[in-house]
2 protein chains.
Amino acid sequence: VASISAQHCRTLPGRPLAEVETPALLVDVARLDANIAALAEFLRRRAPGIRLRPHAKTHKCAEIARRQVAAGAVGVCCQTLGEAEAMAGGGIADILVTNEIADAGKAARLAAIASVATVSVCADDSGQVALLADAAASRGVTLGVLVEVDVGGGRCGVGSAAAALDLAASITRAPGLRFAGLQAYHGRAQHLRTHAEREAAIAGAVAAAEEAADLIRRSGIACPTITGAGTGTFEIEAASATYTELQCGSYVFMDVDYGRNARSAVGGVPDFAHALTVLTTVISRPRPERAVCDAGLKAFSLDSGPPSLALHPGLDFRGASDEHSTLGVDDGSELRIGDRLQLLPGHCDPTVALHDRIIAHENGVVTSVWPVARGW
Amino acid sequence: VASISAQHCRTLPGRPLAEVETPALLVDVARLDANIAALAEFLRRRAPGIRLRPHAKTHKCAEIARRQVAAGAVGVCCQTLGEAEAMAGGGIADILVTNEIADAGKAARLAAIASVATVSVCADDSGQVALLADAAASRGVTLGVLVEVDVGGGRCGVGSAAAALDLAASITRAPGLRFAGLQAYHGRAQHLRTHAEREAAIAGAVAAAEEAADLIRRSGIACPTITGAGTGTFEIEAASATYTELQCGSYVFMDVDYGRNARSAVGGVPDFAHALTVLTTVISRPRPERAVCDAGLKAFSLDSGPPSLALHPGLDFRGASDEHSTLGVDDGSELRIGDRLQLLPGHCDPTVALHDRIIAHENGVVTSVWPVARGW
């Protein structure tokens with residue numbers, strides 16, 4: 001069971017892209033490396049005291065995580081234990097699970113990872129803390145625990161500084177746990193379209209995080225890490241005196257949805273390049289004005305809008321079904337059955353999760369095939 | 001790389017659902033079998049001369065296909081070669097790929113399947129026919145080929161009876177190929193909400209298919225199969241004198257989107273049961289009116305709308321991110337962290353494609369874990 005057969009993938013390195021069976025997920029390595037370097041360079045210049053811990057939920061790929069760490073990242077974030085296991089197995093030494101653990105089985109998996117890597121995780125309830133403490137004690141490891149604060153995302157997280165302090169205090173008392181600080185990620189802010197909207201949202205996040213950290217510190221508990229931010233807002237958190245760590249993920253690949261954000265008002269923010277595409281073959285040309293290709297709902301996610309045909313002027317996306325996209329074709333196009341196209345995904349993270357492998361390429365040639373740690 | 005670890009899955013048969021790690025894809029076997037039996041019984045009574053060839057793109061699972069064949073299906077449809085390979089490997093003897101093949105590598109894979117099963121495929125262009133003929137000759141097999149006619153779906157398919165005849169004639173002349181008939185599937189009609197709209201759309205499909213078949217037959221070419229229909233319209237095609245074969249897929253699982261269709265005006269059409277759910281755990285209860293669970297965009301597809309919480313009165317779906325859903329919670333709910341929920345997917349097919357395994361259960365106990373032939 002594989003997105004493209006393992007046998008086919010073994011034959012690909014060194015072969016031209018034309019030999020890759022479609023649909024397939026491609027990464028342009030030069031663009032990927034340029035994105036990794038651009039963010040690292042921006043932070044070195046503009047926010048030298050702030051750590052970068054990129055989110056691996058975007059790529060689920062230890063090879064890409066190692067490139068991020070080589071460029072200066074302190075480790076990675078993960079959203080699932082499957083990702084964390086793959087990252088630890090791939091040699092990433094410091095892993096933050098930016099999520100809550102709600103059952104003993106998963107707490108035990110997390111503690112097992114902590115026997116080979118530095119591991120931290122989030123909590124917003126004392127019941128989660130008890131599960132983590134039990135698992136850490138059983139395994140004889142220490143888990144870092146951050147209190148998640150709802151800084152405007154409206155998802156998980158305690159709703160007040162007082163609740164953050166209560167939970168931080170319970171973590172400091174729990175054997176096997178180390179209170180590591182605050183998770184203060186504002187997910188909704190990432191896709192607000194204007195810089196002014198994003199700035200206002202992150203001002204609120206900074207205030208909420210600062211209030212909680214201040215209360216915790218005044219109670220005598222150290223609060224070393226305040227972590228958050230994403231590709232849409234990182235330069236704003238970086239300019240605060242509050243955040244110590246940034247969690248940008250999508251910048252490695254970019255996608256159509258992030259491309260809709262208006263430019264930052266902060267100078268020097270890199271223009272990340274589209275490095276991720278879905279390779280597809282035209283399988284039908286039923287009319288001059290219509291083409292059908294072999295990538296659909298099962299090869300890219302539509303949750304944040306359709307893929308773009310910006311790499312193929314004269315073509316536009318009309319609709320997708322399970323295994324097809326229907327394309328509009330301008331007058332005079334020479335597009336033929338068998339021609340290959342690269343679609344820019346609307347949303348990179350869930351598109352990656354549809355594929356078992358990423359085909360890395362440079363100058364039209366496959367350089368490597370990287371496994372994706374799909375699943376949980 | 002697996003959606004839930006292979007080791008965990010080996011331990012599950014015979015264990016209670018409470019031990020399944022989340023998120024996970026569940027199938028209620030009693031409901032699945034009832035859906036399979038209900039369609040078979042309807043067709044036996046109401047359309048005894050019409051074959052059922054269920055679409056395996058819905059489930060991608062040889063175990064389910066074998067149950068369909070045991071209930072009288074003549075074989076299955078597949079949309080991808082990966083599905084076809086899995087079905088042939090799982091003992092399904094007759095496979096129709098309801099799709100066009102546009103490159104020599106895939107034609108060779110198709111011909112390889114034809115060495116172990118009866119295989120047919122669609123075409124809407126003479127170039128595809130040439131590829132298929134080359135592959136059949138190289139492998140020494142015979143491939144059935146159906147001409148796909150655009151009967152209103154606006155995707156693949158020839159646009160006229162004359163073009164269908166031309167292509168049918170070229171297939172009959174090609175060595176290694178057998179002209180098998182017409183693919184006449186009206187995808188768009190499946191989700192028209194009223195029976196009257198669906199009936200009007202299928203009347204158009206019947207007319208287009210009939211015109212093409214008539215022209216082909218009058219030219220002296222046999223046109224044994226006219227195949228199409230889905231869960232939304234099958235009783236209409238079944239009542240025509242035109243269709244010889246039905247391709248319903250989603251009926252095995254049902255989903256929220258098909259649930260929006262108004263009832264058929266044809267009496268006796270079964271009410272298929274929701275057999276497919278996504279099992280998820282409540283991981284956070286940040287406020288009395290909000291819960292967050294651990295299934296998001298990477299555990300169910302949003303392309304046809306959100307999942308339903310109909311199995312859990314008092315809860316409603318508010319939004320999803322990669323690995324979370326945010327739920328509204330009615331006053332007075334006792335919902336706690338660690339509680340488990342079953343979500344009904346908006347669209348079954350792409351939801352299945354996010355998972356490597358289906359957890360089959362009956363009466364709260366896991367009976368089997370079935371592999372999903374994800375990918376291509």
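Residues numbered from 1 in each chain as written. Chains lettered and ligands numbered in written order. Predicted model: local features only at pLDDT ≥ 70, side-chain atom pairs only at ≥ 80, totals over all residues. Heavy atoms only, no water.

### A short note on the packing of aromatic side chains
Logical step 1: Enumeration according to the criterion identifies eight aromatic pairs over all chains in this entry.
Logical step 2: Through a chain of ring-to-ring contacts, three or more aromatic side chains come together here, namely Phe42(A), Phe234(A), Tyr251(A) and Phe272(A). (Phe/Tyr/Trp six-rings, centres within 6.5 Å; stacked < 30°, edge-to-face > 60°.)

### Thoughts on the confidence of the model for chain A
Logical step 1: When pLDDT is averaged along chain A, the result is 96; 99% of the residues meet or exceed 70.
Logical step 2: Interface scoring of the predicted complex returns ipTM 0.96; its pTM is 0.97. (pLDDT = per-residue confidence, 0-100.)

### Points about the sheet that holds strand β6 (residues 143–148) of chain B
Residue and element names in this part refer to chain B.
Logical step 1: One open sheet holds the eight strands; their spatial order is β2-β9-β8-β7-β6-β5-β4-β3, and the pairing between them is parallel. If you trace the sheet from one side to the other, it starts and ends with β2 (51–52) and β3 (76–78), each paired once.
Logical step 2: Relative to β6, strand β5 (residues 118–123) runs parallel, the two being bridged by four bridges. Bridge assignment links Cys122 to a residue of β6, and that residue is Leu146.
Logical step 3: Each of β7 (177–183) and β8 (225–228) is contacted by helix α8 (residues 195–218), which is oriented at about 150° to β7, the strand it contacts most. (Pairing = 2+ DSSP bridges. Helix = DSSP H or I, 4+ residues; strand = E, 2+ residues; numbered from the N terminus. Contact = heavy atoms within 4.5 Å. Axes fitted to C-alpha atoms, helices over the stretch in contact; angles between N-to-C directions.)

### What about the interface of chain A and chain B?
Logical step 1: Of the residues lining the interface, 57 residues belong to chain A; the matching set on chain B comes to 57 residues.
Logical step 2: Both sides together, the interface formed by chain A and chain B hides about 4,700 Å², and carbon and sulfur atoms give 53% of it.
Logical step 3: The interface formed by chain A and chain B includes twelve salt bridges.
Logical step 4: The partner of Arg109(B) in a salt bridge is Glu21(A), and the shortest N-O contact between them spans 2.6 Å.
Logical step 5: Counting across the chain A and chain B interface gives 32 residue pairs in polar contact (both at pLDDT 80 or more).
Logical step 6: Elements with a minimum of two residues in the side of chain A that touches chain B: β4 (94–100), α5 (104–113), β10 (276–287), β11 (290–293), β13 (324–329) and α11 (348–352) of chain A. (Buried area = accessible area lost by both parts, 1.4 Å probe. Salt bridge = Lys/Arg side-chain N within 4 Å of Asp/Glu carboxyl O. Polar contact = N/O pair within 3.5 Å; in protein donor to acceptor, adjacent residues only side chain to side chain.)

### Things to note about the relation of the copies chain A and chain B
Logical step 1: Structural alignment of chain A on chain B gives an RMSD of 0.0 Å, achieved by rotating through 180° and translating 0.0 Å along the axis. Interpreted geometrically, this transformation is the action of a two-fold axis.
Logical step 2: By residue overlap, the copies meet face to face through one surface: 100% of the interface positions of chain A are interface positions in chain B. (Least-squares fit on C-alpha atoms with pLDDT ≥ 70 in both.)

### Section: helix α2 (residues 29–46) of chain B
All names here are of chain B.
Logical step 1: In this model α2 runs 26 Å from its N-terminal to its C-terminal C-alpha over 18 residues, within 8% of the 26 Å that 1.5 Å per residue would give.
Logical step 2: The set of residues buried in α2 consists of Val29, Leu32, Asn35, Ile36, Leu39, Ala40, Phe42 and Leu43.
Logical step 3: Near the N-terminus of α2, the side chain that reaches the backbone nitrogen of Ala30, with its oxygen 3.1 Å away, is that of Asp28. (Expected span 1.5 Å × (residues − 1). Buried < 20%, exposed > 50% of the residue type's maximum accessible area, 1.4 Å probe, protein only.)

### Topic: the pairing of strand β12 (residues 315–321) of chain A
All names here are of chain A.
Logical step 1: The pairing of β12 with β13 spans six bridges and is classified as antiparallel. Pairing of Ser321 across the sheet is with His324, part of β13.
Logical step 2: Following β12, the chain reverses through two residues before pairing antiparallel with β13.

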